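Observations on the three-dimensional arrangement
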Amino acid sequence: MVRIAVYQANTGIDPAANAARLVDAVEEAAAGGAQMLFTPEMSGMLDRNRKRAAAHVTGEADSPVLKAVAGAARVHGIWVALGSLAVRRDDGEGRWANRSLLISPEGAVAARYDKIHMFDVDLDDGASGESWRESNGFAPGERVVTAETPLGRLGLAVCYDMRFPALWGALGDARCDAIACPAAFTRPTGAAHWHVLLRARAIEASAYVIAAAQVGEHEDGRKTYGHSLVVDPWGEVLLDMGGDRAGVGFAEIDSARIASVRAQLPSLANRRAITK
């Protein structure tokens, strides 16, 4: 059994304030006996105003938020799956990466994953629809990423990635024991799809899914769904942090549960290539 912590955040537009809250969450997670902490998408800054946000976006090596979290991980001897940060890329194109970073207890970056699927949508939400074009500001990643952790093999995904079975199929083929899916889900899509998609992804990958989420009304004007979840390989919800407030929650990850589910329903072993 491995104890994990999940930080449900109400991230604002000031990276220094957000970093301080992340450091507090690392300390709380370690004090609660967790070996790993999971944080949401855009943990360092949530700001839809690109011009204002640009002043705070750096390359990975210069990120003050990453440095603060890595230092806290080192002090407290805990792994941190830092959901994602906006990171400048060095290709000169101008778009940023939405990058998930796995930090070891030594404070080193053990793995990095750039979100592959960009949230380009127009939502019909009655009187006030929402329109998002993530690809205007962020370049999509191209690689599936996994890493060895106290949970076993951890796969990395981010938010909108949960809607694309091919990515999760690749993570299943990699025999991930757990998959992190940090998010900043909108309220309309969250109410409709959050629980059902994450439970389905856990079932089809025969793996734990750990989804730390943003919650509440944010400084940049958006509203997020919350309900950070931990789902086991059978699709049972072990933790649901609700949609009202930020905080740290805890859950237990049982490797024997993974083996039991895969023995009963060996869907990964039974998978066949589909020809057109």
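**Things to note about the nonpolar core**
- Ranked by internal contacts, the top residues of the largest apolar core, which has 51 residues, are Ile4, Phe38, Leu151 and Trp194.
- In contact with Leu151, other than residues within four places in its own chain, are Val2, Ile4, Met36, Phe38, Asp177, Ala178, Ile210 and Ile253.
- Listed in part, the 24 residues of the second largest apolar core include Ala34, Leu82, Val87 and Val248.

**Quick notes on the pattern of salt bridges**
- One pass over the structure, following the stated rule, counts 14 salt bridges.
- For Lys115, the salt bridge identified is with Glu41, shortest N-O distance 3.0 Å. With Lys115 in the loop between strand E5 (109–114) and strand E6 (120–123) and Glu41 in the loop between strand E2 (36–38) and helix H2 (50–54), the pair connects residues that are 74 residues apart, well separated along the chain.
- Residue Lys115 is classed as buried on the basis of its relative accessible area of 2%.
- Asp47 is the salt-bridge partner of Arg52, the closest N and O atoms lying 2.7 Å from each other.

**As for the side chain of Asn98**
- Take Asn98: it is sitting in strand E4 (residues 96–103).
- On the accessibility criterion, Asn98 (1% relative accessible area) is buried.
- A polar side-chain atom of Asn98 sits 2.6 Å from a polar atom in the side chain of Ser84.

**Re unusual backbone geometry**
- The phi torsion at Met42 lies on the positive side, around 50°, for a residue other than glycine.
- Turning to its location among the elements, Met42 is positioned in the loop between E2 and H2.
- Despite not being glycine, Arg175 has its phi angle at roughly 55°, a positive value.
- With respect to the element layout, Arg175 can be found in the loop between helix H5 (165–173) and strand E10 (178–180).

**Details of the pairing of strand E11 (residues 208–211)**
- Here E11 shows no split at all, with Tyr208 and Ile210 on one side and Val209 and Ala211 on the other all buried.
- Strand direction decides the pairing type here: E10 and E11, joined by 3 bridges, are parallel. Directly across from Ala178, in E11, lies its bridge partner Tyr208.
- Considered for its hand, the β-α-β crossover made up of E10, helix H6 (residues 187–205) and E11 is right-handed.
- Across 3 bridges, E11 lies against strand E14 (residues 229–231) in antiparallel orientation. Within E14, the residue paired with Val209 across the bridge is Val231.

**A short note on the packing of aromatic side chains**
- Under the defined criterion, the tally for this structure stands at 4 aromatic pairs.
- With a centroid separation of 5.2 Å and an interplanar angle of 80°, the aromatic rings of Tyr160 and Phe164 are classed as edge-to-face.
- Taking relative accessible area as the criterion, Tyr160 reaches 15% and is therefore assigned buried.
- Classification of Phe164 as partly exposed rests on a relative accessible area of 26%.
- Grouping aromatic residues by their ring pairs yields a cluster made of Phe119, Tyr160 and Phe164.
- Cation over ring: Arg50 sits above Trp96, and NZ or CZ is 3.9 Å from the ring centre.

Thresholds applied
- Residues numbered from 1 in each chain as written.
- Predicted model: local features only at pLDDT ≥ 70, side-chain atom pairs only at ≥ 80, totals over all residues.
- Heavy atoms only, no water.
- Core = buried A, V, L, I, M, F, W, Y, C linked by side-chain atoms within 4.5 Å.
- Buried < 20%, exposed > 50% of the residue type's maximum accessible area, 1.4 Å probe, protein only.
- Contact = heavy atoms within 4.5 Å.
- Salt bridge = Lys/Arg side-chain N within 4 Å of Asp/Glu carboxyl O.
- Helix = DSSP H or I, 4+ residues; strand = E, 2+ residues; numbered from the N terminus.
- Polar contact = N/O pair within 3.5 Å; in protein donor to acceptor, adjacent residues only side chain to side chain.
- Pairing = 2+ DSSP bridges.
- Right-handed = clockwise from strand over helix to strand, strands pointing away.
- Phe/Tyr/Trp six-rings, centres within 6.5 Å; stacked < 30°, edge-to-face > 60°.
- Lys NZ or Arg CZ within 6 Å of the ring centre and 35° of its normal.

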